[in-house]
Amino acid sequence: MTDTKREIPILYLVVPCYNEEEVVEKSAAVMGEKEARLEREGKIAPGSKVMFVNDGSKDDTLRLLHEIAAKDKRFAVVNLAGNYGHQSAILAGMMTARAHADVVVTIDADLQQDIEALDLFLESYMAGCEVVYGVRNDRRSDGMFKKATATAYYNLMHLLGSRVMTNHADYRLMSKKALDALSEYQETNLFLRGLIPTMGFSSDVVYFDVKAREAGQSKYTLSKMLTLALDGITSMSVRPLRLIGGLGFFVFFFSMIMCVISLVDWVRGNNVPGYTTTMIVSLLIGGITLLSLGIIGEYIGKIYLETKHRPRYIIDTLVWRGEDKEEQ
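Residues numbered from 1 in each chain as written. Predicted model: local features only at pLDDT ≥ 70, side-chain atom pairs only at ≥ 80, totals over all residues. Heavy atoms only, no water.

> Honestly, the environment of Tyr-18 in this entry has me stumped. Any pointers?
With respect to the helices and strands, Tyr-18 occurs in the loop between strand S1 (11–17) and helix H1 (24–40). Residues Tyr-18 and Ser-57, spaced 39 residues apart in sequence, show a C-alpha to C-alpha distance of 4.8 Å. A distance of 3.4 Å separates a polar atom in the side chain of Tyr-18 from a polar atom in the side chain of Lys-58. (Helix = DSSP H or I, 4+ residues; strand = E, 2+ residues; numbered from the N terminus. Polar contact = N/O pair within 3.5 Å; in protein donor to acceptor, adjacent residues only side chain to side chain.)

> Even after reading the chapter, I still don't get unusual backbone geometry, so can you show me in this structure?
One can expect most non-glycine residues to show negative phi and most peptide bonds to be in trans. Not every positive phi belongs to a glycine, and Asn-19 is a case in point at roughly 55 degrees. Within the fold, Asn-19 resides in the loop between S1 and H1. Look at Asn-19 and you get buried, because its relative accessible area is 16%. In this structure, Leu-111 takes a positive phi of about 65 degrees despite not being glycine. Checked against the element boundaries, Leu-111 lands in the loop between strand S4 (103–106) and helix H4 (118–126). The class for Leu-111 is buried, based on a relative accessible area of 8%. (Buried < 20%, exposed > 50% of the residue type's maximum accessible area, 1.4 Å probe, protein only.)

> Please clarify how the pairing of strand S6 (residues 168–175) should be interpreted in this entry.
Successive side chains on a regular strand alternate, one facing one side of the sheet and the next facing the other. Counting buried positions along S6 gives 7 out of 8 residues, so the element sits mostly inside the fold. When strand S5 (residues 131–136) meets S6, the two strands line up antiparallel, connected through 4 bridges. Opposite Val-132, over in S6, you have Leu-173 as the bridge partner. (Pairing = 2+ DSSP bridges.)

> Is there a simple way to think about the pattern of salt bridges in this case?
A side chain of one charge can pair with a side chain of the opposite charge when the charged atoms of the two come close. Counted under the stated rule, the structure contains 15 salt bridges. Residue Arg-74 pairs with Glu-35 through a salt bridge whose shortest N-O separation is 3.4 Å. Here the residue Arg-74 occupies a position in the loop between helix H2 (61–71) and strand S3 (75–80), and Glu-35 occupies one in helix H1, the gap between them amounting to 39 residues. Accessibility assignment for this pair places Arg-74 and Glu-35 in one class, buried. (Salt bridge = Lys/Arg side-chain N within 4 Å of Asp/Glu carboxyl O.)

> I keep staring at a nonpolar patch on the surface and nothing clicks. Help me out?
Together, Leu-247, Phe-250, Phe-254, Leu-284 and Ile-285 give the surface a local cluster of nonpolar side chains, amounting to about 400 Å² of exposed area. Elements with a contribution of two residues or more to the nonpolar patch: helix H9 (239–268) and helix H10 (275–308). With 3 residues, the single largest contributor to the nonpolar patch is H9. Relative to the helices and strands, Leu-247 is located in helix H9. (Patch = residues over 30% accessible without salt bridge, like charges linked within 9 Å, V, L, I, M, F, W, Y side chains within 5 Å. Areas by Shrake-Rupley, 256 points an atom, 1.4 Å probe, with all protein chains shown as cover.)

Structure (structure tokens):
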């Protein structure tokens, strides 16, 4: 942390949205009121905004966001040209906001992440932290399956050497300094939860309770969660490749032992059919080979995407109103 006294910051809330027509108006009202209160209390500076990022929604989300932004200059809208995914939508919002904000906080549109924790985020920033992580107190609101899989996933990530923070999603504060550093990272395979902790800036943790979703259903399906988990593993660790090497050595050593045993039996004239042993060994080696090829293929696929250097997102339109100007 730094001893330099900081000025009251301009805060931008970055809110990724995908098919959130049921909740976006409620979210805007709650977030706008919270920012207005923080400004009255002298915790954030005038000019703070709520920036919604529409990630290719197919419902009325974009129309509602435009209506919200037209009524109140506190709201801005970044409309992506297509559906680029949650991580890219967050990055698009942060990179757009950093030109105007001193601090950016990313938060989900469903209001499950406690917005009242913003006071603690700002306290940590004023104390000198460049990054503040929002971490849920527990997972009591999750079902048994999600709770078990989440626990297993975080344990696996830590085992693989990732610095991802347990029970931290994408509710975090980043200073302009941290955002400028993040802009230097160019990988297409984005996993912000694992990437940001590796940057090394002074940080703090704020704990919060998860609330019930205000309306609608979660758009984060099982397939999207699995994709994010896979991206996290392959983008933050090469240990699976090293495990393949170790496993290959073990299988090779086991095969050599079986060869010696088979030769000894042949010399002794033992007529052992060996059907079961042959099947077990064949299936074991075949299964390990296919699994290894799958893991290697996943990494090669990520390399293939990285070498293309395609943009991680494309902004179609931007609605941002200042005192005397409007961009669109």
